[in-house]
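# Examining the three-dimensional arrangement
Read off the chains here:
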Amino acid sequence: MSTYEGEVLNSCGTVKLDFSVASVVAVSGSGPNICGHLLVYAGGGGGTYFHVAGSTVKNLLTAYPHYMSEAGYRRYLKENKKTELRRVNVKLSNPDGASLYIEELMSKKWTWGVLPNNCVAFVEEVLAAGGGDWGGSYSNCPALAVKDTIEVQAQQYLRGLERSILASYGY
């Protein structure tokens, strides 16, 4: 029995494609996959998750992308024994561009290249089509792609240091 990966979009207008609110969602990997997995989330509460997955031998090299509702995402996490590692909100200057592009991507099979053409590349393409510049992706390994860059870590450290100094003076 295979685990739930979501639904294949086989007709237009079935899913609300609203990228006015978008997030990159990293989840833990399955089995020997230490890199984890990446999905893109569109829409506010009750939005839709999109991803490419190739967990069976049949669809390991090429597979249609999948979509999931919030309930489907929870089922996906449970059946695949995954946990959400991180969710990063992304602003898109052209949400309609992302919507049109994801609809196009969902209509054709995605060819896997393990690290070069994987779930991270899928998410990056959708965000780029929406005019987003996801600054967190510096690796095609999902677990690393959502880590804060050294610059972000340094900024967080300096803000914390500044708060400590101000607090010591009673501010």
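Note: the structure precedes this text.
Reference entry: report on the structure contained in this document. In this numbering scheme, every chain counts its residues from 1 along its sequence in written order. The predicted nature of this model means local features are confined to residues of pLDDT at least 70 and side-chain atom pairs, given and counted, to a pLDDT of 80 or more, with totals for whole chains, interfaces and linings taken over all residues. Note that water and hydrogens are dropped before the side-chain values are worked out from all heavy atoms of the structure.

### Some points on the sheet that holds strand β2 (residues 37-42)
Whether parallel or antiparallel, the strands of a sheet pair through hydrogen bonds between backbone atoms. Spatially, β5-β3-β2-β1-β6 is the arrangement adopted by the five strands of the open sheet, whose pairing is antiparallel. Only two strands of the sheet have a single neighbouring strand rather than two, namely β5 (66-68) and β6 (84-90). Between one strand axis and the next, the sheet turns by 25 degrees as a mean value, whatever way the strands run. Bridge analysis of strand β1 (residues 22-27) against β2 gives six bridges, and the strand direction is antiparallel. Each residue of the ladder has a partner; that of Val27, found in β2, is His37. For two strands to be treated as a pair, DSSP must find no fewer than two bridges joining them. Helix and strand definitions follow DSSP, with helices as H or I runs of at least four residues and strands as E runs of at least two, each counted in order from the N terminus. Every axis in this analysis is a line fitted to C-alpha atoms, fitted for helices over the stretch in contact. Angles between the N-to-C directions lie between 0 and 180 degrees.

### Comments concerning the packing of aromatic side chains
Classification of ring pairs rests on two measures: the distance between centres of Phe, Tyr or Trp rings, Trp counted by its six-membered ring, which must be within 6.5 Å, and the angle between planes, read as stacked under 30 degrees, edge-to-face over 60 and tilted in between. Considering all chains together, one arrives at four aromatic pairs under this definition. Each ring, one from Tyr41 and one from Tyr49, has its centre 4.7 Å from the other, and the planes form 50 degrees; the classification is tilted. Taken individually, Tyr41 and Tyr49 each receive the classification buried, so the pair is uniform in this respect. Arranged with centres 5.4 Å apart and planes meeting at 85 degrees, the rings of Trp110 and Phe122 form a pair that is edge-to-face. In this pair, Trp110 is assigned in strand β7 (residues 110-111) and Phe122 in helix α3 (residues 119-129), connecting sequence segments twelve residues apart. Accessibility assignment for this pair places Trp110 and Phe122 in one class, buried. What links up through ring pairs into an aromatic cluster is the set Tyr41, Tyr49 and Tyr73. Throughout this description, the term charge over a ring refers to an Arg CZ or Lys NZ atom that lies within 6 Å of the ring centre and within 35 degrees of the ring normal. When the ring centre of Tyr41 is taken as origin, the NZ or CZ atom of Arg87, which lies over that ring, is 5.2 Å away. Exposure is judged per residue with a 1.4 Å probe applied to protein chains only, and the accessible area is read against the type maximum: over 50% gives exposed, under 20% gives buried, and values in between give partly exposed.

### Observations regarding helix α2 (residues 95-106)
One full turn of an α-helix is made of 3.6 residues, so residues set three or four places apart face in the same direction. Multiplying 1.5 Å by the residue count of a helix minus one yields the expected span of that helix. Over its twelve residues, α2 extends 16 Å from the first C-alpha to the last, a length consistent with the 16 Å expected when each residue adds 1.5 Å. Inspection of α2 places Gly97, Ala98, Ser99, Ile102, Leu105 and Met106 among the buried residues, and these make up the whole buried set. If you follow the buried residues of α2, they end up packed against β2, β3 (48-51), β5, β7 and α3. Contacts between residues were defined by any pair of non-hydrogen atoms, one from each residue, lying within 4.5 Å.

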